[in-house]
Amino acid sequence: MNVDSQHYGKKMFFDILTLFPAMFSGVFSDSIISRAIKKGLISVDLHDIRSYSDDERHKTVDDYPYGGDAGMVLKPEPLARAITDARSRFCDFAPKVIYLSPRGEVLRQEIIEELLEEKALILLCGRYKGIDERICERYVDREISIGDYVLSGGEIAAMTIIDAMARLIPGVLGNRESAEADSFYRGLLSHPEYTRPEIFEDMKVPDVLLSGHHANILRWQREKAVEITKLRRPDLWAKYKTTETNNEK
Ligand code: 4HQ
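Reading the values: the criteria
Residues numbered from 1 in each chain as written. Predicted model: local features only at pLDDT ≥ 70, side-chain atom pairs only at ≥ 80, totals over all residues. Heavy atoms only, no water. Helix = DSSP H or I, 4+ residues; strand = E, 2+ residues; numbered from the N terminus. Buried < 20%, exposed > 50% of the residue type's maximum accessible area, 1.4 Å probe, protein only. Contact = heavy atoms within 4.5 Å. Lys, Arg positive; Asp, Glu negative; His and termini not counted. Charge placed at Lys NZ, Arg CZ, Asp CG, Glu CD. Near = heavy atom within 4 Å. Polar contact = N/O pair within 3.5 Å; in protein donor to acceptor, adjacent residues only side chain to side chain. Areas by Shrake-Rupley, 256 points an atom, 1.4 Å probe, with all protein chains shown as cover. Nonpolar A, V, L, I, M, F, W, Y, C, P; charged D, E, K, R; others polar. Patch = residues over 30% accessible without salt bridge, like charges linked within 9 Å, V, L, I, M, F, W, Y side chains within 5 Å. Salt bridge = Lys/Arg side-chain N within 4 Å of Asp/Glu carboxyl O. Core = buried A, V, L, I, M, F, W, Y, C linked by side-chain atoms within 4.5 Å. Expected span 1.5 Å × (residues − 1).

J.: Before we move on, could you go through the overall build of the protein chain and cite the residues and values that matter?
T.: Secondary structure summary: the protein chain contains eleven helices and nine strands in total. Overall, the protein chain is about 70 × 50 × 40 Å in size when its C-alpha atoms are taken along their principal axes. For the protein chain, the proportion of its 249 residues judged to be buried stands at 39%. In the protein chain, the proportion of contacts linking residues at least 24 apart, taken out of those at least 6 apart, comes to 76%. Taking the 35 positively charged and 41 negatively charged side chains of the protein chain as two groups, their mean positions are separated by 3 Å.

J.: Quick one: what's the story with the environment of Phe90, residue by residue and with numbers?
T.: Inspection of the secondary structure assignment puts Phe90 in the loop between helix H4 (76-89) and strand E5 (96-106). Its relative accessible area of 7% is what places Phe90 among the buried residues. When the C-alpha positions of Phe90 and Phe14 are compared, they lie 9.7 Å apart, and in sequence the two are 76 residues distant. Here Phe90 is in contact with Phe13, Phe14, Asp15, Pro95, Ala120, Leu121 and Ile122, once residues within four sequence places are set aside.

J.: Could you give an account of the site of the ligand, naming the residues involved and the relevant values?
T.: What surrounds the ligand is a group of 18 residues, the closest being Pro102, Ile146, Gly147, Tyr149 and Leu151. Take Gly147: an N or O atom from its main chain is 3.1 Å from a nitrogen atom of the ligand. Leu151 is positioned such that a nitrogen or oxygen atom in its backbone is 2.8 Å from an oxygen atom of the ligand. In isolation the ligand exposes 360 Å². Once the protein is present, 95% of that is buried. With four residues, the top contributor of residues to the shell around the ligand is E5. Counted by class, the shell around the ligand contains ten nonpolar, seven polar and one charged residues.

J.: Run through a nonpolar patch on the surface, naming residues and quoting values.
T.: A surface patch of nonpolar side chains, about 540 Å² in accessible area, is lined by Phe20, Met23, Tyr128, Tyr149, Leu151 and Ile156. With respect to the helices and strands, Met23 occurs in the loop between strand E1 (12-18) and helix H2 (25-29).

J.: Would you mind going over the side chain of Ser53 in detail, with residue names and values included?
T.: Locating Ser53 in the fold gives a position in the loop between strand E2 (42-48) and strand E3 (62-63). With relative accessibility at 9%, the residue Ser53 sits in the buried group. One polar contact links the side chain of Ser53 to the main-chain carbonyl oxygen of Thr60, over a distance of 2.9 Å. Leaving out residues up to four positions away in the same chain, Ser53 has contacts with Lys59, Thr60, Val61, Pro78 and Arg81.

J.: Run through the nonpolar core, naming residues and quoting values.
T.: If you look at the biggest cluster of nonpolar residues, it comprises 33 residues, and the most contacted ones within it are Phe14, Ile42 and Ile162. The set of elements that each furnish at least two residues to this core consists of E1, helix H3 (32-38), E2, E5, helix H5 (109-115), strand E6 (120-125) and helix H7 (155-166). Here the element with the most residues in this core is H7; it accounts for eight residues. Not counting residues up to four positions away in its chain, the partners in contact with Ile42 are Lys11, Met12, Phe14, Ile33, Ala36, Ile37, Ile162, Ala166 and Ile169. Counting 21 residues, the second-largest nonpolar core is a separate cluster that includes Leu17, Tyr99, Ala120 and Ile122.

J.: If you had to explain H4 to someone new, which residues and values would you point to?
T.: Relative to the 20 Å expected for 14 residues at 1.5 Å per residue, H4 spans 20 Å between its end C-alpha atoms, a close match to the ideal helical length. Residues of H4 that are buried: Pro78, Leu79, Ala80, Ala82, Ile83 and Ala86. The elements touched by buried residues of H4 are E1, strand E4 (73-74), E5, E6 and helix H6 (133-139).

J.: Give a detailed account of the environment of Val27, specifying residues and quantitative values.
T.: In this structure, Val27 sits in helix H2. With 160 residues separating them in the primary sequence, Val27 and Gly187 have C-alpha atoms 28 Å apart. In this structure, Val27 is in contact with Ile33 and Met159, ignoring residues within four places of it in sequence.

Function cannot be read off these values alone, since they describe shape.
Structural data, given as structure tokens:
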């Protein structure tokens, strides 16, 4: 059975609604994502929100905010049409609409895993001050933020989500990458890694790693993972301690 037939029926579909489709070309032609697309494991379609404008001449998609603040807001009608169109393309899959916004729940690996349960996702990328709230109310299923900072648009956040998802799809990663060994896989940060040479400048690779003693190596790696997690991410450490399944390991 080849890779394609093995995952036949599990192909995941992404529709991206954006004002800047060209931003995605580099990422989708040269990355883990491109490999997933070539293998037929995911499909990514870009749709220019501007093509859903009702104004033939200027293709307007934004307008001044009520309340008189500075900046522009994406008008609801083109967004509603773009979303409705995307939904109809995936009618069998009941796709969730995700709006990328700093107001959303902050992205974590668990959210990536949840999203992998879906067959299709519609990722809505806003620009300027954001989108008309009525779109959030009626059309958006989930708002996600990639972190507490301000981007100039949702595009990079959408790429982040697709990248993090693609690498967990069986068959996407090659021998050189392994999803299981990564940070967060067991709720701890990863231990330090070393490669040749044994001595770099005046720094030596820890002896235990050269010892060939598998049990000791595992113990050292675990100790280091715990140490670094406690130190750098007390929040992750607290969560880890209260997760029963981890303590059994
Ligand atoms: N923006 N995580 C404002 C973000 C963002 C984030 C996207 C800026 C939406 C309208 N998106 N636009 N942080 O900062 O996802």
